[in-house]
Amino acid sequence: SGVMVTGGEDKKVNMWAIGKPTAILSLAGHQFPVECVTFDCAEENVVAGSSAGTIKLWDLEEAKVVRSLTGHRSNCVAVDFHPFGEFF
């Protein structure tokens, strides 16, 4: 069974088991709605961007923010990890 990750107006990043009705993990920390989110290739980390331009890197095992980036001046509408996995 697979998993997927979502973000939304509730300012949370949620991880779901496909076919299950409720989130298996909910990550709070953004101050504004989450507009984009993606897993790294190992599905150990998630990066999420908000409507305020803040980007947060989450460690899924620890369920905590590893880094916050605030360099964008407007909303962040797309995030992705570099294929080598060391950058996003």
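All figures in this text were calculated on a predicted structure; none of them were measured in a lab. (Residues numbered from 1 in each chain as written. Predicted model: local features only at pLDDT ≥ 70, side-chain atom pairs only at ≥ 80, totals over all residues. Heavy atoms only, no water.)

Topic: the sheet that holds strand β7 (residues 64-69)
Then, number 1: Taken in spatial order, the four strands of this open sheet run β4-β5-β6-β7, and their pairing is antiparallel. Bordering the open sheet on either side are β4 (34-39) and β7, each of which pairs with just one other strand. Neighbour-to-neighbour, the strand axes of the sheet open up by a mean angle of 20°, direction not taken into account.
Then, number 2: Where β4 and strand β5 (residues 45-50) come together, five bridges link them in antiparallel fashion. Across the sheet, V34 pairs through a bridge with S50, a residue of β5. (Pairing = 2+ DSSP bridges. Helix = DSSP H or I, 4+ residues; strand = E, 2+ residues; numbered from the N terminus. Axes fitted to C-alpha atoms, helices over the stretch in contact; angles between N-to-C directions.)

Quick look at the side chain of N45
Then, number 1: Its place among the elements puts N45 in strand β5.
Then, number 2: Under the relative-accessibility criterion, N45 is labelled buried at 19%. (Buried < 20%, exposed > 50% of the residue type's maximum accessible area, 1.4 Å probe, protein only.)

Some words on the environment of L69
Then, number 1: Tracing the sequence through the fold places L69 in strand β7.
Then, number 2: In sequence terms L69 and M15 are 54 residues apart; their C-alpha atoms lie 21 Å from each other.

Points about the sheet that holds strand β1 (residues 3-7)
Then, number 1: Judged by pairing direction, the sheet is antiparallel, and its three strands sit side by side in the order β1-β2-β3 without closing on themselves. Bordering the open sheet on either side are β1 and β3 (25-28), each of which pairs with just one other strand. Between one strand and the next, the sheet's axes are offset by a mean angle of 15°, whatever the strand orientation.

Here's the deal with the pairing of β5
Then, number 1: Most of β5 sits inside the fold, with six of its six residues counted as buried.
Then, number 2: Going residue by residue along β5, you find N45, V47 and G49 tucked away on one face and V46, A48 and S50 tucked away on the opposite face as well.
Then, number 3: Relative to strand β6 (residues 55-59), β5 runs antiparallel, the two being bridged by five bridges. In the sheet register, V46 faces β6, and the bridge partner there is W58.

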